[in-house]
Amino acid sequence: MCDTSPSTSEAGVPGAFSGETITRRRAMTVAAQAAGALAGAAIGLPALGFALGPVFRRVPAIWQSLGPLADIPRDTYAMRVVTETPGIGEAGQTTVFLRRRDPAVDTEPGDRFNQVIAITSRCAHVGCPVSYKDAAHVFVCPCHGGVYDFRGRRIGGPPPRPLDRFYTRIRRGGEVELGPRYSVNSELRRFSARYPGESLDGIGQYLYPARPTTPRRPG
């Protein structure tokens, strides 16, 4: 097919030579712009990768001692203060509620990472601290009236899911260790840790994906 583009002289471009389809000035401008774009990409892309890299870097799983299994009750909860976010002092500490797994109560599948039940003290609504009421066997959030049963499942108020949990393991000699936090849906199925206010039932598990930095599940 013949090229029907008008030459610069036919188009009436001042200073054009016969037969040209682009002026030398235009060709130099395009070349300069392309060179500038390449130079900008060479400088900007590494800087962008350096800035965003930590956002997608998984945090290593940290295990910390909770003491001997014999000190952890079965029919109520013991409290421990642990470090959830290291490196920031007391601001990185949180309280967890602990008890030994009871097959008569804990009907979700058991494995070596939940023989000790470890429940967070942070409400799944907006993150307020909850307290355990032993007389009623419930957890109560004072901020917006969230109520959870003995297993940490929501039974009242605005929280969209049960209280988060932590992986645990029992070492040789009976020492209990606490691992990464994880979230659960209403059936206590495990998911990577989510933010407060994010549901994990139905379409919620797809609307609120896991954070890229979440530690990998213990193998």
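What counts as what
Residues numbered from 1 in each chain as written. Predicted model: local features only at pLDDT ≥ 70, side-chain atom pairs only at ≥ 80, totals over all residues. Heavy atoms only, no water. Core = buried A, V, L, I, M, F, W, Y, C linked by side-chain atoms within 4.5 Å. Buried < 20%, exposed > 50% of the residue type's maximum accessible area, 1.4 Å probe, protein only. Phe/Tyr/Trp six-rings, centres within 6.5 Å; stacked < 30°, edge-to-face > 60°. Helix = DSSP H or I, 4+ residues; strand = E, 2+ residues; numbered from the N terminus. Pairing = 2+ DSSP bridges.

Draft legend 1. Broad picture of the nonpolar core. Within the largest apolar cluster, 14 residues are counted, with the highest numbers of intra-cluster contacts made by Tyr77, Val130, Phe139 and Tyr148. Core analysis: the second largest hydrophobic core is formed by 10 residues, Val82, Val96, Phe166 and Val176 among them.

Draft legend 2. Inspection of the packing of aromatic side chains at higher detail. Enumeration over the complete set of coordinates arrives at 10 aromatic pairs. Both rings, one in Tyr77 and one in Phe139, keep their centres 5.1 Å apart while their planes meet at 65°; by these two values the pair is edge-to-face. Taken as a pair, Tyr77 in the loop between strand E1 (64–68) and strand E2 (78–83) and Phe139 in strand E6 (residues 138–140) lie far apart in primary sequence, 62 residues in all. Accessibility assignment for this pair places Tyr77 and Phe139 in one class, buried. Ring-pair connections join several aromatic residues into one group, and the members of that group are Tyr77, Phe97, Tyr132, Phe139 and Phe150.

Draft legend 3. Geometry of the sheet that holds strand E5 (residues 131–133). On the basis of which strands lie adjacent, the open sheet formed by 4 strands has the order E5-E6-E7-E8 and antiparallel pairing. The open sheet has two edge strands, E5 and strand E8 (154–156), and neither has a second partner. As paired strands, strand E7 (residues 147–148) and E8 are joined by 2 bridges and run antiparallel to one another. Across the sheet, Val147 pairs through a bridge with Gly156, a residue of E8.

Keep in mind these values describe shape, not function.
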